[in-house]
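Each chain, written out:
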Amino acid sequence: MAFAITQTCCTDATCVAVCPVNCIHPTPEERAFGSTEMLYIDPEACIDCGACADACPVDAVLPVDGLTGGQREYADINAAYFAYPEARPQEEAESPTASEGADLGPNFHAWGRPAFDRVLPSDFRPLRVAIVGTGPAGMYAAKDLLLHTRAEVTLVDRLPVAGGLVRYGVAPDHPATRRIGDAFARFHTHPRVRMHLGLEVGEDVTAEEIAAHHDAVVYAVGAAADRRLGIPGEDRTRSVSATTFVAWYNAHPDVAPDAVDLSAERVVVVGNGNVALDTARILVSDPEALADTEIADHALAELRRSKVREVVLLGRRGPEHAACTRPELLALKHLPGVDLLVDDHDPRVGAAIDSAGPRDKAGVLRGVAREAVDWSVPPGAAGRRRIVFRFLSAPVEVCGDGDVRAVRVTGGSGELEIPAGMVLRAIGCRGVPQAGLPFDEATGTVPHERGRVTGRPGTYVVGWIKRGPSGGIGANRTCAAETIGTLLADAVAGALPAPTGGPKAFRRLVRRRRR
């Protein structure tokens, strides 16, 4: 029996560090790490020790013989990653594993030379570091500082609840993914941590004030804005960003409980990334299946009243280029009471699905019904809820008089209108300017060098505001390691500005300013 990594993999790579036979790939040292959608266990090399399952923060590692339902497919997904090495980067494909007979000694693992690249000299005074943002990027940075140095950390978040994207961005029906927040939460009460919630930098305190009371400030503020379609009518009533929709069902305080109206029978979601699939899944799921999750009460009540019978996922490119991950796509195939359909309006769509290899996302749709959809037929005519994939089709206009009436799209031999009463744009997000920091409008990020903000000594960035909205939760671990490494190197070099105020003065300032 071997273990397999399943849908909720966060690519944190804690499992890699504890594996005694180096059978989990890609590792943080391999080129594919950071771009891969999940990690994989080699079934031939796995010795069934269970160390990876114990270390996994999101319970994604399970014994193969215990997989049930849709999870069974992950045994094949893990095995296929190693069965087709030509699909992986060359240096990764050639890395030795125990199953290849490499002489790795009694521990079965080619351990590298120990590296201590994020430490300070033993006689170095404790640093005072503020981290703005308590999402995964900020908490990985805090974890590095607390475990590797004697730093005192001030956590600041403008929201009343800590967690960032883990709390307000993960779908409520993914409780295992949300569980990584528990691993971060243990640092909230660390004796060298002070946390200030409901405190916004730029509003309640200035960037200069927070910098004056700390040796360094790390901004981990994510990418808070959604990308625009840039087409006529996208601001009509019931044309909503997926950012707003996700915040709505997660009870984000910035979004009103009545911000979403689900009285339409057909919803068009523009995009086919993971967020697009999340919104589609929530819209057609049985509300009673969501009742035991952490979904907002107002969202559950609206979903119980919902008239939505069909969700159309609109993708500009073909199924082979879908932006979602295979695990999220597989999850839709096992959604109870929901039919999947591929709109066969273009012969290239079916050809891409039929020719897909065993590791290609398009291959997940093999076996899903295909037909050229008659959009004049009411969405609820079949009696069941359904999700329709329409690839090679882009929105041209959101039509209507005030409210959304239809979406005009490209595809096939011309343009057509898909009748719909609601549109969700899920084409990505971007960072927003931060008070007191430089900002690159083209990339939606803060200019930096290995995390060090350009022209601002003692100021650093981590996460999506640093690298753009790419990579999942685990990608922030290596991102934070780079930033904290840069910060500590600057400290040793004497490049950090000396603070003019102490921790008590900052706490008094916060008490006066916090809303």
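Residues numbered from 1 in each chain as written. Predicted model: local features only at pLDDT ≥ 70, side-chain atom pairs only at ≥ 80, totals over all residues. Heavy atoms only, no water.

Time to look at the overall build of the chain. What the chain contains, in helices and strands, is 18 helices and 23 strands. Whereas a compact globule of 515 residues would reach a radius of gyration of roughly 24 Å, the chain reaches 24 Å, a difference of no more than 12%. Considered along the principal axes of its C-alpha atoms, the chain spans approximately 75 × 60 × 40 Å. Counting only residues that meet the buried cut, the chain has 53% of its 515 residues in that class. As displayed, the chain has an accessible area near 22,200 Å², and 51% of this comes from carbon and sulfur atoms. Looking at charge distribution, the chain has the averaged site of its 57 positive side-chain charges lying 6 Å from that of its 66 negative ones. (Helix = DSSP H or I, 4+ residues; strand = E, 2+ residues; numbered from the N terminus. Rg over C-alpha atoms; globule rule 2.2 N^0.38 Å. Buried < 20%, exposed > 50% of the residue type's maximum accessible area, 1.4 Å probe, protein only. Areas by Shrake-Rupley, 256 points an atom, 1.4 Å probe, with all protein chains shown as cover. Lys, Arg positive; Asp, Glu negative; His and termini not counted. Charge placed at Lys NZ, Arg CZ, Asp CG, Glu CD.)

What follows is about the confidence of the model for the chain. Across the chain, the average pLDDT comes to 91, with 93% of residues at 70 or higher. Within the model, the stretch residues 89–93 combines pLDDT values under 50 with 10 contacts to residues more than four positions away or in other chains. The low-confidence segment residues 95–108 (pLDDT under 50) makes 20 contacts with residues lying over four places distant or belonging to another chain. (pLDDT = per-residue confidence, 0-100. Contact = heavy atoms within 4.5 Å.)

Okay, the pattern of salt bridges next. Here the structure, examined in full by the defined rule, presents 31 salt bridges. In this structure, Asp-173 and Arg-281 form a salt bridge, with 2.6 Å as the shortest nitrogen-oxygen distance. In this pair, Asp-173 sits in the loop between α6 (165–168) and α7 (175–178) while Arg-281 sits in helix α11 (residues 274–284), placing the two residues 108 residues apart along the sequence. You can call Asp-173 partly exposed: its relative accessible area is 23%. (Salt bridge = Lys/Arg side-chain N within 4 Å of Asp/Glu carboxyl O.)

Further remarks concern the nonpolar core. Ranked by internal contacts, the top residues of the largest apolar core, which has 110 residues, are Ile-24 and Phe-389. Of all the elements, helix α5 (residues 136–148) adds the most residues to this core, at seven residues. Of all hydrophobic cores here, the second largest spans 19 residues; its members include Val-132, Val-201, Leu-437 and Val-461. (Core = buried A, V, L, I, M, F, W, Y, C linked by side-chain atoms within 4.5 Å.)

For a regular strand, the rule is simple: side chains alternate between the two faces of the sheet. Among the six residues of strand β15 (residues 385–390), six are classified as buried, and the element is accordingly described as predominantly covered. Of the two faces of β15, the one lined by Arg-385, Ile-387 and Phe-389 and the one lined by Arg-386, Val-388 and Arg-390 are each fully buried. Here strand β12 (residues 310–314) runs beside β15; their pairing, made up of five bridges, is parallel. Opposite Leu-314, over in β15, you have Arg-390 as the bridge partner. By the bridge criterion, five bridges tie strand β13 (residues 338–343) to β15 in an arrangement that is parallel. Within β15, the residue paired with Leu-341 across the bridge is Val-388. (Pairing = 2+ DSSP bridges.)

With that settled, consider helix α15 (residues 347–354). Those residues of α15 that fall on the buried side of the exposure criterion are Val-349, Gly-350, Ala-352 and Ile-353. The arc enclosing the buried residues of α15, seen along the axis, measures out at 160°, which places them on a common side. Turned more than 90 degrees off the buried face of α15, the exposed positions are Pro-347 and Arg-348. Close packing links the buried residues of α15 with β13 and β14 (369–371). (Arc of directions from axis to C-beta.)

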